[in-house]
Amino acid sequence: MSPSLQSNELSQRINAAAEALLEHFGTLPSTLIVAGSGLGGFAATLKDATSLGYGDIPHFPVSTVVGHAGKLVKGKCEGHEVLVMNGRKHLYEGVDSTEATLPLRALLKAGIKTVILSNAAGALNVRFDVGDLMLITDQINNMYRNPLMGGNLDDLGPRFPDMSEPYSRELATIAREVAVEKGIPLREGVYIANMGPTYETQAEVQMLRQFGDVVGMSTAPETLVAIHAGARVLGITLVSNSLVRRTDVVTTHDEVMEAGKEAAGKFNELVGGVVRRLHQ
Ligand code: HPA
């Protein structure tokens, strides 16, 4: 398939999905929250919620990962309408980054302006504890894939998007203020996106810790397409395991999910506070 054909087809798919979203939900709220591993409970805190399964939206890939429900939930958070993506497709599931980010691009096309991305990640920073929340200040896309490869979708954004400040300074300030207000400790640092699905070897950990504070398997491609489309991004990581403190213990997906459950209260409070501030 030639790149231009591919981008035509991608554009058509994004448009079809965006139209279906608008048809189902009416106008979309301006804020989207993408719930990471173990953080899907946030959607259950919404009032007057309605949901739509990914299987009912054209071209939305369904996640195969435990803990990723695969539905969009619209409802009220702190009295304000938001949309939650419960479940995301990861590149390690075997889709390319363009396909994995199609849902987000459709949502951006349908009117989302502010994207709150969350994820679970392993700590590379020795000061970080399991259960900590971290504000993502910057990212390293170590996946060797870029979802914006191929013909550019000019109606969404520019060919060469600036990436000097992918995480909104304004949103980061709000998150810091909310954290202080609510007494939620908030770490800060650089998120490295690895392809997965394997967790890191000790040699990889030694390399990666020179460059970042946490490592995960998502988020970076979503940030790239959101910035391309002119949206603002806030990134919150839940530290689900430490890669530097316990070389004698293996990392498991169950451990990642368990940490999510324990930190869910803090996460929900932080995001709720940010949503409230966005509407003041
Ligand atoms: N490495 C990569 N991705 C992850 C980890 C990790 O240790 N924990 C949760 N997601």
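Residues numbered from 1 in each chain as written. Predicted model: local features only at pLDDT ≥ 70, side-chain atom pairs only at ≥ 80, totals over all residues. Heavy atoms only, no water.

> Teacher, can you tell me more about the overall build of the protein here?
Looking only at helices and strands, one finds 7 helices and 9 strands in the protein. A compact globule built from 280 residues would reach a C-alpha radius of gyration of about 19 Å, and the protein, at 18 Å, matches this within 12%. Within the protein, the fraction of its 280 residues that count as buried is 55%. For the protein, the share of sequence-separated contacts (at least 6 apart) that also reach a separation of at least 24 residues comes to 82%. Working note: accessible area of the protein is about 12000 Å², and carbon and sulfur atoms make up 51% of it. On the protein, the mean spot of the 25 positive side-chain charges and the mean spot of the 31 negative ones are 3 Å from each other. (Helix = DSSP H or I, 4+ residues; strand = E, 2+ residues; numbered from the N terminus. Rg over C-alpha atoms; globule rule 2.2 N^0.38 Å. Buried < 20%, exposed > 50% of the residue type's maximum accessible area, 1.4 Å probe, protein only. Contact = heavy atoms within 4.5 Å. Areas by Shrake-Rupley, 256 points an atom, 1.4 Å probe, with all protein chains shown as cover. Lys, Arg positive; Asp, Glu negative; His and termini not counted. Charge placed at Lys NZ, Arg CZ, Asp CG, Glu CD.)

> How do you make sense of the pairing of strand β7 (residues 186-193) when you look at a structure like this?
Looking along a regular strand, one sees side chains alternate from face to face of the sheet. Counting buried residues along β7, 6 of its 8 residues qualify, which places the element largely inside the surrounding structure. The sheet contact formed by strand β6 (residues 133-141) and β7 spans 8 bridges and is parallel. Its bridge partner lying in β7, Ile136 is registered against Gly189. As paired elements, β7 and strand β8 (residues 214-216) share 3 bridges and run parallel to each other. Looking at β8, one finds that Tyr191 is bridged to Val214. The parallel pair β7 and β8 is bridged by helix α5 (residues 202-208), and the resulting crossover is right-handed. (Pairing = 2+ DSSP bridges. Right-handed = clockwise from strand over helix to strand, strands pointing away.)

> Which parts of the structure should I look at to understand the pairing of strand β3 (residues 71-77)?
In terms of burial, β3 is a largely internal element, 5 of the 7 residues being buried. With 5 bridges joining them, strand β2 (residues 47-53) and β3 adopt antiparallel strand pairing. Pairing of Lys47 across the sheet is with Lys76, part of β3. Bridging between β3 and strand β4 (residues 80-86) involves 7 bridges; their strand directions are antiparallel. Along β4, the bridge assignment pairs Lys71 with Asn86. Between β3 and β4, which pair antiparallel one after the other, the connecting turn spans 2 residues, and Glu78 there sits at a positive phi close to 55°.

> How do you make sense of empty space enclosed by the protein when you look at a structure like this?
Sizing a probe to match a water molecule and rolling it over the atoms shows the empty space that remains. With the rule as written, the count across this model stands at 2 cavities of 30 Å³ or more. Every residue along the wall of the largest cavity is listed here: Arg88, Lys89, His90, Leu91, Ala100, Thr101, Met143, Met217, Ser218, Thr219, Pro221 and Glu222. Along the lines of polarity and charge, the residues of the lining of the largest cavity split into 5 nonpolar, 4 polar and 3 charged. If you go around the second largest cavity, the residues you meet are Leu10, Arg105, Pro147, Leu148, Met149, Gly151, Asn152 and Leu153. (1 Å grid on protein atoms, 1.4 Å probe; cavity = no way out; pocket = protein on both sides within 12 Å on 5 of 7 lines; lining within 4 Å. Points joined across faces, edges and corners; volume = space filled by probe spheres on them. Nonpolar A, V, L, I, M, F, W, Y, C, P; charged D, E, K, R; others polar.)

> Honestly, the nonpolar core in this entry has me stumped. Any pointers?
In summary, soluble globular proteins display a tendency toward joint burial of nonpolar side chains. Ranked by internal contacts, the top residues of the largest apolar core, which has 48 residues, are Leu21, Leu32, Leu72, Leu107 and Val115. The biggest single contributor to this core is helix α1 (residues 3-25), with 6 residues. Formed by 30 residues, the second largest nonpolar core is a distinct cluster that contains Leu135, Val178, Ala263 and Val271. (Core = buried A, V, L, I, M, F, W, Y, C linked by side-chain atoms within 4.5 Å.)

> I'm lost on the site of the ligand in this one. Help?
Of all residues adjacent to the ligand, which total 12 residues, the nearest are Ala120, Gly122, Glu200, Gly216 and Asn241. In the model, a nitrogen atom of the ligand is placed 3.4 Å from a nitrogen or oxygen of the Gly122 main chain. Between the ligand and Glu200 there is a distance of 2.7 Å, counted from a nitrogen atom to a side-chain nitrogen or oxygen. For the ligand, whose free accessible area comes to 260 Å², the fraction covered by protein is 95%. Contributing elements (two or more residues each) for the shell around the ligand: β5 (114-123), β8 and β9 (232-242). Looking at which element gives the most residues to the shell around the ligand, the answer is β5, with 3 residues. (Near = heavy atom within 4 Å. Polar contact = N/O pair within 3.5 Å; in protein donor to acceptor, adjacent residues only side chain to side chain.)

> Just to check I follow, could you spell out the packing of helix α3 (residues 102-109) against helix α6 (residues 220-228) for this structure?
Packed helix pairs are specified by the crossing angle of their axes together with the interaxial distance, meaning the distance between the axes. Their axes nearest at 10 Å, the elements α3 and α6 cross at an angle of 25°. Regarding the angle of α3 to α6, the classification is roughly parallel. Relative to α6, α3 is oriented so that their crossing is right-handed. Packed against α3, whose contacting residues are Leu104, Arg105 and Leu108, the element α6 presents Glu222, Val225, Ala226 and His228 at the interface. Its residues assigned to classes, the contact of α3 with α6 shows 4 nonpolar, 1 polar and 2 charged. (Axes fitted to C-alpha atoms, helices over the stretch in contact; angles between N-to-C directions. Parallel < 35°, antiparallel > 145°, perpendicular 65-115°, else oblique. Left-handed = near helix turned anticlockwise from the far one by under 90°.)

> So what exactly am I meant to see when it comes to the layout of surface pockets here?
In this structure, the largest pocket spans a volume of roughly 450 Å³. Around the largest pocket sit 20 residues that line it, and Gln6, Leu10, Asp96, Thr98 and Glu99 are the ones nearest its centre. Looking at the lining of the largest pocket, the elements with two or more residues in it are α1 and α2 (97-100). Among the elements that make up the lining of the largest pocket, the one with the highest residue count is α1 (6 residues). Split into classes, the residues belonging to the lining of the largest pocket amount to 7 nonpolar, 8 polar and 5 charged.

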